[in-house]
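# Structure at a glance
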Amino acid sequence: MAQQLIQPVNDMTVTASYRWGGAYRARFGSDHYGQDVVGSTTVYAQGSGRVLFAGCDRVCGYVVGILYDEVQNHFDGGSYPVVGRYFHLAGAQVQPGQRVDKDTVIGIMGDIGALTTGRHLHIELDRDTAYPAYTPTLTGDSNILKAGLRGAKDTTLDPMRLTHCKTSGPDNQRCAVGDGIAWVDPRDGAIPRIR
Ligand SMILES: [Zn+2]
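All residue numbers refer to position in the chain's written sequence, counted from 1. It should be noted that, the model being predicted, local features are given only for residues of pLDDT at least 70 and side-chain atom pairs only at 80 or more, the latter also being counted only at that level, while totals for whole chains, interfaces and linings use all residues. With hydrogens and water stripped out, all remaining heavy atoms of the structure feed into the side-chain values.

- Going by what an unreviewed UniProt entry lists, the protein is known as M23 family metallopeptidase and is assigned to Neobittarella massiliensis.

### Points about the overall build of the protein
- Secondary structure elements are taken from DSSP: a helix is a run of H or I of four residues or more, a strand is a run of E of two residues or more, and numbering for both begins at the N terminus. Assigned secondary structure in the protein consists of one helix and 16 strands.
- Throughout, radius of gyration means the C-alpha value; the globule benchmark is 2.2 Å times the number of residues raised to the power 0.38. Taking 2.2 N^0.38 as the reference for a compact globule, 195 residues should give roughly 16 Å; the C-alpha atoms of the protein span a radius of gyration of 15 Å, in line with that estimate.
- In terms of principal-axis extent, the alpha carbons of the protein reach across some 40 × 40 × 30 Å.
- Residue burial is assigned from relative accessible area. The probe radius is 1.4 Å, only protein chains are included, and a residue is buried under 20% of its type maximum, exposed over 50%, and partly exposed in between. For the protein, with 195 residues in total, the buried portion stands at 49%.
- Note on contacts: a residue pair is in contact if any heavy atoms of the two residues lie within 4.5 Å. For the protein, long-range pairs separated by at least 24 residues make up 68% of all intrachain contacts whose partners lie at least 6 apart in sequence.
- A total accessible area of about 8600 Å² is found for the protein, and carbon and sulfur atoms account for 49% of it.
- If you average the places of the 19 positive and of the 20 negative side-chain charges in the protein, the two averages end up 0 Å apart. Shrake-Rupley sampling with a 1.4 Å probe provides the accessible areas, and residues are treated as covered by the protein chains on show and by no other component. Charge assignment in this entry is limited to Lys and Arg as positive and Asp and Glu as negative, and neither His nor the chain termini are counted. Taken as the charge centre is NZ of Lys, CZ of Arg, CG of Asp or CD of Glu, depending on the residue.

### Examining the pattern of salt bridges
- The salt bridge criterion pairs a side-chain nitrogen of Lys or Arg with a carboxyl oxygen of Asp or Glu, the two atoms within 4 Å. All told, the structure shown has eleven salt bridges when counted by the stated rule.
- Here Asp 31 makes a salt bridge to Arg 25, at a shortest N to O gap of 2.6 Å.
- We classify Asp 31 as buried; its relative accessible area is 18%.
- A salt bridge links Asp 126 to Arg 85, with the nearest nitrogen and oxygen atoms 2.9 Å apart. Taken together, the positions of Asp 126 in strand 10 (residues 121-126) and Arg 85 in strand 7 (residues 79-89) put the pair 41 residues apart, joining distant regions of the chain.
- Classification of Asp 126 as buried rests on a relative accessible area of 3%.
- Relative accessible area serves as the criterion here: at 0%, Arg 85 is assigned to the buried category.

### Details of the packing of aromatic side chains
- Note on ring pairs: Phe, Tyr and Trp rings are taken, using the six-membered ring of Trp, and paired if centres are within 6.5 Å. Classes follow the plane angle, with under 30 degrees stacked, over 60 edge-to-face and the rest tilted. Taken as a whole, this structure holds two aromatic pairs when the rule is applied.
- With a centroid separation of 6.0 Å and 85 degrees between ring planes, the pair formed by Tyr 24 and Trp 183 is classed as edge-to-face. A residue pair is termed long-range when its members are at least 10 positions apart, and Tyr 24 in helix 1 (residues 21-28) and Trp 183 in the loop between strand 15 (174-177) and strand 16 (193-194) qualify at 159 residues.
- What makes Trp 183 buried here is its relative accessible area of 16%.
- Residues Tyr 131 and Tyr 134 carry aromatic rings whose centres are separated by 5.5 Å and whose planes lie at 90 degrees to one another, so their mutual orientation is edge-to-face.

### As for the UniProt feature "domain: M23ase beta-sheet core" (unreviewed entry) in the protein
- UniProt positions are given in the numbering used here, feature names are shortened, and annotations may be inferred rather than shown by experiment. Residues annotated in UniProt with the feature "domain: M23ase beta-sheet core" (unreviewed entry) correspond here to residues 31-128.
- As annotated, residues 31-128 comprises 0% helix and 53% strand, and the C-alpha atoms at either end are separated by 19 Å.

### Digging into the coordination of the zinc ion
- Here the coordinating atoms are restricted to nitrogen, oxygen and sulfur within 2.8 Å of the metal centre, or 3.2 Å for Na, K and Ca, and because water is not among them the sites may look incomplete. The protein atoms that coordinate the zinc ion are His 32 (NE2), Asp 36 (OD) and His 122 (ND1), at distances of 2.0 to 2.2 Å.
- Mapped onto the sequence, the donors of the zinc ion take the spacing H-x3-D-x85-H. Separated by 86 residues along the polypeptide, Asp 36 in strand 3 (residues 35-39) and His 122 in strand 10 bring together distant segments of the chain. Assigned by exposure class, Asp 36 and His 122 land together as buried.

What follows is the structure, encoded as structure tokens:
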């Protein structure tokens with residue numbers, strides 16, 4: 001049975017949505033292929049999977065990539081394996097090959113990397129599991145992350161469609177939407193609650 005991914009941060013406020021609006025593009029010059037969040041700073045794996053890469057990337061700070069076993073998309077009812085990429089961590093607390101689950105701490109939210117704008121976590125979820133380190137966010141290859149394959153169709157997904165808010169303990173998750181920020185989709189306040 002497909003798993004339900006939960007939030008990587010228990011107390012989470014969304015500050016930038018996936019591919020939302022021209023305001024983000026106007027400020028940063030490109031679409032946003034992930035979701036930015038702030039809140040509690042401990043970052044967990046979102047479900048059960050295996051670490052594919054972990055280390056310090058020149059552009060995005062400490063990054064971790066995880067291949068999640070089949071996950072449920074609550075938006076369209078689909079299920080498939082998904083790669084999760086997490087940027088701007090202050091360090092990586094997992095190693096390639098390691099099995100993880102929702103209770104595994106992968107790092108602490110940081111403020112490092114050329115593309116950071118203050119302490120936050122950038123979450124990318126991608127259906128293309130064959131090229132897990134390729135991200136449309138980069139326009140040139142870095143040491144860990146690679147620029148999205150030229151001419152390839154974008155395979156990232158809106159993290160909101162694959163994420164659930166687990167309200168019961170020990171996670172006791174909460175999700176809110178940042179106030180007065182132009183690049184947040186208001187629907188991001190309504191991620192499905194599970195117990
Ligand atoms: Zn981001």
